Amino acid sequence: MALIDVADLAFRFPRAEKLVLDGITLSIEAGERVAILAPNAAGKTTLARWLSGLLPEGVLTAERGHVAMAGKPFAEWSVADRATAIQFVGQVPSQQLTGCAFTVYEEIAFGPCNLALPEAEVRARVDEALTICNLRHLASRDPFTLSGGETQRLSIAAALAMKPRVLVLDEPTSNLDPESRDDLLAQLDLLPGGLTIIVLEVALRPSLALAKRFLLLDEGRIVADGTASEVLNDPRCIETLGMTAVTEAAYRLRDAGRWPEATPLPLTLDQALDSFGAPRAHG
Ligand SMILES: Nc1ncnc2c1ncn2[C@@H]1O[C@H](COP(=O)(O)OP(=O)(O)OP(=O)(O)O)[C@@H](O)[C@H]1O
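Residues numbered from 1 in each chain as written. Predicted model: local features only at pLDDT ≥ 70, side-chain atom pairs only at ≥ 80, totals over all residues. Heavy atoms only, no water.

Student: Quick rundown of the site of the ligand? Include the residues and the values.
Tutor: Around the ligand, the neighbouring residues are Phe13, Val20, Pro39, Asn40, Ala41, Ala42, Gly43, Lys44, Thr45, Thr46, Gln91 and Glu171. Within the side chain of asparagine 40, one N or O atom sits 2.9 Å away from an oxygen atom of the ligand. Contacts to the ligand include alanine 42, whose backbone N or O atom sits 3.1 Å from an oxygen atom. Against a free-state accessible area of 640 Å², the protein chains account for coverage of 57% of the ligand. (Near = heavy atom within 4 Å. Polar contact = N/O pair within 3.5 Å; in protein donor to acceptor, adjacent residues only side chain to side chain. Areas by Shrake-Rupley, 256 points an atom, 1.4 Å probe, with all protein chains shown as cover.)

As structure tokens, this is what we get:
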């Protein structure tokens with residue numbers, strides 16, 4: 001059985017003419033690292049909230065279909081069980097702070113404390129999350145004094161301290177400068193192998209750094225599902241999301257007759273260097 005099953009999910013916001021999600025069907029296995037790609041306003045955050053069990057909520061219900069985790073629709077999960085099964089990290093770091101923690105340490109401890117875990121277990125979880133997210137030196141700081149990148153790392157640390165099976169990341173690097181983005185991606189790359197990661201993205205580079213499987217969301221439907229080269233080279237993906245800078249450079253070189261026709265266009269710098277037998281950029 002897949003860990004997450006979305007069955008013919010169709011959803012529209014109240015009074016909206018169009019469906020945001022229009023028959024989404026997909027399965028995600030435990031341990032998979034999946035990127036769901038789509039342009040702005042295509043429904044990434046909405047789908048992320050469904051995948052995380054944050055929708056349905058109140059009047060916001062599906063027109064049809066549902067999302068289930070481990071075979072059970074989210075509607076049947078208790079809040080505590082859902083929060084330990086799946087965690088959502090959104091794109092605006094400051095909106096994710098609890099607002100009731102005086103320190104970074106307390107912010108990370110908030111979730112585990114609400115599960116009424118023994119103090120030693122809470123401490124162990126906070127310690128581990130501080131290390132993974134490189135926040136140990138900031139443990140005593142007021143969360144509201146952190147930079148955007150630090151706050152995003154804190155949001156992820158707080159999510160990890162819940163020891164979820166699934167982490168849903170909605171454009172996690174969209175508000176970060178290139179250095180903070182690369183730092184965060186390097187840290188995410190070190191997360192435990194068993195953790196299922198679903199990242200919803202408009203940007204190709206962070207998706208390539210995190211995911212092995214790629215889905216393209218278009219007009220409320222999943223229209224492509226495959227490897228990076230299958231999905232990122234799909235004309236529908238190129239039309240809506242463009243190409244990586246490396247692919248575009250190779251594409252232009254090929255047009256100018258300076259990229260071997262038989263050599264596939266690379267998606268990343270490492271692939272481009274491999275094509276020429278050059279040493280990779282990092283080690
Ligand atoms: N609460 C709401 N009420 C009505 N419409 C909404 C609501 N939230 C989102 N929408 C609309 O639903 C559509 C999808 O929004 P969503 O935020 O899911 O897209 P997105 O792909 O995450 O966009 P972005 O990349 O710009 O963050 C948009 O047209 C948006 O205006």
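That shown, we press on.
Student: Describe in detail helix H6 (residues 178–189), supporting the description with residues and values.
Tutor: Taking 1.5 Å of rise per residue, 12 residues should cover 16 Å, and H6 covers 16 Å from first to last C-alpha, within 8% of that figure. Inspection of H6 places Arg181, Leu184, Leu185, Gln187 and Leu188 among the buried residues, and these make up the whole buried set. All buried residues of H6 lie within an arc of 160° about the axis, which places them on one face of the element. Across from the buried face of H6, at angles greater than 90 degrees, the exposed residues are Pro178 and Glu179. Buried residues along H6 sit in contact with strand E3 (33–37), helix H4 (119–132), helix H5 (148–160), strand E7 (166–170) and helix H7 (204–210). Measuring from the backbone nitrogen of glutamate 179 back to the side-chain oxygen at the start of H6 gives 2.9 Å, which picks out aspartate 177 as the cap. (Helix = DSSP H or I, 4+ residues; strand = E, 2+ residues; numbered from the N terminus. Expected span 1.5 Å × (residues − 1). Buried < 20%, exposed > 50% of the residue type's maximum accessible area, 1.4 Å probe, protein only. Arc of directions from axis to C-beta. Contact = heavy atoms within 4.5 Å.)

Student: Pulling in residues and values, what's your account of the environment of valine 166?
Tutor: With respect to the element layout, valine 166 can be found in strand E7. Taking the C-alpha atoms as reference, valine 166 lies 9.2 Å from glycine 194; in sequence the two are 28 residues apart.

Student: With reference to specific residues and values, describe the pattern of salt bridges.
Tutor: All told, the structure shown has 16 salt bridges when counted by the stated rule. Of the charged contacts in the structure, one is a salt bridge between glutamate 63 and arginine 12, with a shortest N-O distance of 2.7 Å. One end of the pair, glutamate 63, is in the loop between helix H1 (44–51) and strand E4 (64–69); the other, arginine 12, is in the loop between strand E1 (4–11) and strand E2 (21–28), with 51 residues separating them in the sequence. The exposure class of glutamate 63 is partly exposed, given its relative accessible area of 47%. Arginine 12 gets classed as partly exposed once you look at its relative accessible area, which sits at 26%. In this structure, arginine 64 and aspartate 22 form a salt bridge, with 3.6 Å as the shortest nitrogen-oxygen distance. Taken together, the residues arginine 64 in strand E4 and aspartate 22 in strand E2 connect sequence positions 42 residues apart. Taking relative accessible area as the criterion, arginine 64 reaches 35% and is therefore assigned partly exposed. Sharing partners across several salt bridges, the network here consists of Asp8, Asp22, Arg64 and Arg221. (Salt bridge = Lys/Arg side-chain N within 4 Å of Asp/Glu carboxyl O.)

Student: Got a sec to walk through the packing of aromatic side chains? Specific residues and values, please.
Tutor: Per the stated rule, a full pass over the model turns up three aromatic pairs. An aromatic cluster is built from Phe11, Phe13 and Trp50, whose rings are joined through pairwise contacts. Between lysine 72 and the ring centre of tryptophan 77, over which it is positioned, the NZ or CZ distance is 5.1 Å. (Phe/Tyr/Trp six-rings, centres within 6.5 Å; stacked < 30°, edge-to-face > 60°. Lys NZ or Arg CZ within 6 Å of the ring centre and 35° of its normal.)

Student: Tell me about the nonpolar core, and please be specific about residues and values.
Tutor: In terms of nonpolar packing, the biggest core is built from 45 residues, with Leu37, Ile108, Leu169 and Phe214 touching the most fellow members. No other element matches the five residues that H5 contributes to this core. Residue contacts for isoleucine 108: discarding those within four places in its chain leaves Val126, Ala129, Leu130, Leu154, Ala157, Ala158 and Ala161. Counting 31 residues, the second largest nonpolar core, distinct from the first, contains Ile28, Ile36, Trp50 and Leu217. (Core = buried A, V, L, I, M, F, W, Y, C linked by side-chain atoms within 4.5 Å.)

Student: How would you sum up the sheet that holds strand E5 (residues 72–73)? Please name residues and give values.
Tutor: Read across the sheet, four strands follow the order E2-E1-E4-E5 without closing on themselves; strand pairing throughout is antiparallel. On the outer flanks of this sheet lie E2 and E5, each paired with one strand and no other. The strands touched by H1 within the sheet are E1, E2 and E4, with E1 carrying the most contacts at an inclination of about 130°. (Pairing = 2+ DSSP bridges. Axes fitted to C-alpha atoms, helices over the stretch in contact; angles between N-to-C directions.)

Student: Before we move on, could you go through the UniProt feature "domain: ABC transporter" (unreviewed entry) in the chain and cite the residues and values that matter?
Tutor: As annotated by UniProt and renumbered to match this structure, "domain: ABC transporter" (unreviewed entry) occupies residues 4–244. For the annotated span residues 4–244, helix accounts for 35% and strand for 23% of the residues, and the straight-line distance between the end C-alpha atoms is 29 Å. (UniProt positions renumbered as here; feature names shortened; annotations may be inferred.)

Student: Tell me what's going on with helix H3 (residues 104–114), and back it up with residues and numbers.
Tutor: Taken residue by residue, H3 has Val104, Glu107, Ile108, Ala109, Gly111 and Pro112 as its buried positions. Next to the buried residues of H3 lie H4 and H5. Within two residues after H3, alanine 116 carries a phi angle of roughly 60°, on the positive side.

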